[in-house]
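# Working through the structure, step by step
Chain by chain, the residues:
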Amino acid sequence: MLIAPVLGVLMTLSFAPFDLAWLSFIALPGLFLVADRGSVKHAAWSGFLFGLGWFGSGVSWVFVSIYDHGGEQLWMALAATLLFVLLWSIFPALSMGLARWLKARLPASILLLPAAWLAVEAIRGMWFLQGFPWLLAGYSQIDTPLAGFAPVLGVYGLTFVLALLANSLAWMSQYPQHRPVLACLLLIVAGLSLAGTQWTWTRSQGSLMVSVAQGNIAQRDKWQPQHRNATLDRYVSLTEAHWQPLVVWPEAAIPAFYHEVSPGFLDYLDELAQAKQATVLTGLPVKREDGRRFNAALAVGQSQGWYFKKHLLPFGEYLPWADTLEPWVARLNLPLGHFSAGDAQQPLLSVAGQRLILSICYEDVFPATARELNDARFLVNITNDAWFGRSIELAQHGQIARMRALESERYLVRAANTGLTAIINHKGRLQTSAPLFTATIISGQIDLRSGLTPFSRVGDAGIVTGLLTLCVLQLLISAWRARNSSVSL
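To start, this report covers the structure provided alongside it.

Here Ala 16 and Pro 17 are connected by a cis peptide whose omega angle stands at 5°. Examined against the element boundaries, Pro 17 turns out to sit in the loop between α1 (3-13) and α2 (24-35). Cis geometry is found at the peptide bond from Gly 419 to Leu 420, where omega equals 0°. For Leu 420, the position within the fold is in the loop between β9 (412-416) and β10 (422-424). Not every positive phi belongs to a glycine, and Leu 135 is a case in point at roughly 60°.

A few words on the sheet that holds strand β11 (residues 430-433). Read across the open sheet, the 6 strands follow the order β6-β7-β8-β9-β10-β11; overall the sheet is mixed. If you trace the sheet from one side to the other, it starts and ends with β6 (349-351) and β11, each paired once. The mean inter-strand angle of the sheet, taken between neighbouring strand axes irrespective of direction, is 25°. Where strand β7 (residues 354-360) and strand β8 (residues 378-383) come together, 5 bridges link them in parallel fashion. Residue pairing across strands places Leu 356 opposite Phe 378, the latter belonging to β8. Relative to β9, helix α14 (residues 393-408) is tilted by about 160°, and along the sheet it contacts β8, β9, β10 and β11.

What follows is about the side chain of Glu 121. Assignment of secondary structure puts Glu 121 in helix α6 (residues 112-127). You can call Glu 121 buried: its relative accessible area is 1%. Discounting residues that sit within four places of it in the chain, Glu 121 has contacts with Trp 54, Leu 136 and Tyr 156.

Another point: the sheet that holds strand β4 (residues 293-301). Taken together, 6 strands build an open sheet; the order of strands is β5-β4-β3-β2-β1-β12 and the sheet is mixed. The open sheet terminates on both sides in strands that have one partner only, identified here as β5 (305-308) and β12 (440-450). Geometrically, the sheet is characterised by an average inter-axis angle of 30° between neighbouring strands, direction not taken into account. Strand direction decides the pairing type here: strand β3 (residues 279-287) and β4, joined by 9 bridges, are antiparallel. If you follow Val 280 over to β4, its bridge partner there is Val 300.

With respect to the helices, strands and loops of the structure, Pro 454 is situated in helix α15 (residues 454-488). Pro 454 gets classed as partly exposed once you look at its relative accessible area, which sits at 21%. For the pair formed by Pro 454 and Val 152, sequence separation is 302 residues and the distance between their alpha carbons is 4.9 Å. Not counting the four nearest positions on each side in its chain, Pro 454 is found in contact with Pro 151, Val 152 and Trp 201.

Take the side chain of Thr 383 next. With respect to the helices and strands, the residue Thr 383 is situated in strand β8. Side chain to side chain, Thr 383 and Asp 385 meet in a polar contact 3.2 Å long. Contact partners of Thr 383, with chain neighbours within four places excluded, come to Pro 250, Glu 251, Cys 361, His 397, Arg 414, Ala 415, Ala 416 and Asn 417.

Turning our attention to a nonpolar patch on the surface. Taken together, the side chains of Phe 18, Leu 20, Trp 22 and Ile 26 present a nonpolar region at the surface, about 380 Å² in accessible area. Relative to the assigned elements, Ile 26 resides in helix α2. Classification of Ile 26 by relative accessible area gives partly exposed; the value is 40%.

Here we take up the pattern of salt bridges. Tallied over the entire structure, the rule returns 11 salt bridges. Put simply, Lys 103 and Asp 36 hold a salt bridge, and the shortest N to O gap is 2.7 Å. With Lys 103 in helix α5 (residues 74-103) and Asp 36 in the loop between α2 and α3 (40-58), this pair connects stretches of sequence that are 67 residues apart. A relative accessible area of 28% means that Lys 103 is categorised as partly exposed. With its nearest N and O atoms 3.4 Å apart, the salt bridge here joins Lys 427 to Glu 409. Taken as a pair, Lys 427 in the loop between β10 and β11 and Glu 409 in the loop between α14 and β9 lie far apart in primary sequence, 18 residues in all. Several salt bridges converge on common partners, so that one network encompasses Asp 36, Arg 100 and Lys 103.

Looking now at helix α8 (residues 179-198). Taking 1.5 Å of rise per residue, 20 residues should cover 28 Å, and α8 covers 29 Å from first to last C-alpha, within 8% of that figure. Residues Leu 182, Val 189, Ser 193 and Gly 196 constitute the buried set of α8. Looking down the long axis of α8, one finds its buried residues gathered within 60° of arc, a one-sided arrangement. Exposed side chains of α8 directed beyond 90 degrees from the buried face belong to Pro 180, Leu 187, Ile 188 and Gln 198. Tucked into the core, α8 has its buried residues touching α7 (150-174).

Here the focus is the nonpolar core. Core analysis: the biggest nonpolar cluster contains 83 residues, and Leu 28, Phe 32, Phe 50, Val 59 and Trp 117 have the highest contact counts within it. The element that contributes the greatest number of residues to this core is α7, accounting for 15 residues. Leave out the neighbours within four places in its chain, and Trp 117 touches Leu 28, Leu 31, Phe 32, Phe 50, Trp 54, Ser 95, Met 96, Thr 159 and Ala 163. Membership of the second largest hydrophobic core comes to 26 residues, among which are Val 210, Tyr 307, Cys 361 and Tyr 411.

We now examine the pairing of β11. Consecutive side chains of a regular strand alternate in pointing toward one face of the sheet and then the other. With 3 bridges joining them, β10 and β11 adopt antiparallel strand pairing. In the strand pairing of β11, Ile 423 is matched with Thr 432. Hairpin connection, β10 to β11: the antiparallel pair is bridged by 5 residues, and Gly 428 has positive phi, about 80°.

Conventions and cut-offs
Residues numbered from 1 in each chain as written. Predicted model: local features only at pLDDT ≥ 70, side-chain atom pairs only at ≥ 80, totals over all residues. Heavy atoms only, no water. Helix = DSSP H or I, 4+ residues; strand = E, 2+ residues; numbered from the N terminus. Pairing = 2+ DSSP bridges. Axes fitted to C-alpha atoms, helices over the stretch in contact; angles between N-to-C directions. Contact = heavy atoms within 4.5 Å. Buried < 20%, exposed > 50% of the residue type's maximum accessible area, 1.4 Å probe, protein only. Polar contact = N/O pair within 3.5 Å; in protein donor to acceptor, adjacent residues only side chain to side chain. Patch = residues over 30% accessible without salt bridge, like charges linked within 9 Å, V, L, I, M, F, W, Y side chains within 5 Å. Areas by Shrake-Rupley, 256 points an atom, 1.4 Å probe, with all protein chains shown as cover. Salt bridge = Lys/Arg side-chain N within 4 Å of Asp/Glu carboxyl O. Expected span 1.5 Å × (residues − 1). Arc of directions from axis to C-beta. Core = buried A, V, L, I, M, F, W, Y, C linked by side-chain atoms within 4.5 Å.

Shown next as structure tokens:
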């Protein structure tokens, strides 16, 4: 039981910025072995303690946003962070408890534990509180040969493959008689992953030059009215020497509600972009007459359009279970945005006649965002991670963005206030990136790609459903064979 939280910390080290992906092959098999050595209650507690180590180290940046930028008292910031960690630690506990409970009632199967892990992670990442898919195990493998599975199975399928390999390693120590078969399984998975890294599902349909600005505006200054003009001047000056057909500014680069921005500035920006035959895509919030607020993006210049964020950040942009939690959260003075979600059926934006899929900040953690490709040729993500200071959140979020590019085999243009600002190619590699915490702008050429990966055709829900269905069928067949064998004896 003392080992479980240490294994959870090792799991965090397998993700960016540490990038010790091989540690996941110690952390997960270790958890599976520890959880399998007792009752259902023991397994659940092992998973919970693993979660404390995993999320306690992996999402420690929540404290930074509450204490450093939310202005909360130290003890309240610590309490809120602890509650956040406790909430998500429940999910590894459910995985291990469910697997142990099923193992006591079904024939032994190497697929049982990976299936339980995938099912619970899908609930955490896709449905509970609209989803919190942070630190899905598959993200840790984006720089390993296993990344070849991403365009086919997506991050959830990659998570399943990783859990299957981890369970195979655990079984090798538990069941020596099965080692030859398990070794063959490992070789097959290795061969498939290597083949996947060599295969390309999409094709180039031309190119587009882009510039991506990183303002590096301090969060403490960003929303102060007296700093607004200096912020706008910085983005304009960064752009002046780097005009391209598409110029992307970060989330809320214009730090005021749309109706508070001087009409002269937006008209000036529009006219300037028109004169340069360019489009500027920038983030800014919108407040409607009915009081609803939206985290939005605006395109001006050669192309015009709006986008309103659809997937909101729980406890950041909206409060779950508001009727119950509002009195308690009010005491914490958390920097809640109280935003509304945009229409799920918003049309895609276009630049130079090329359609794109835009996501704002937290939206890029959802694989389905990049799956709505249709005839979109590339992806754009705008974000402001300054809330989390110099914590590991910036690197983790950048790793997630890279997975979206790899799953869909589309270039991703990412504009962040403090970083990671980058152009990511269709293989999930950084083509060009800006140094963190520096006011700068980068330029580069992106491929406009067509075609769909298998994952883009099926989607995350389809992949999860398909994998779980196959696992259930295998378990039912094993149970049927065991029953018939018992009857015949």
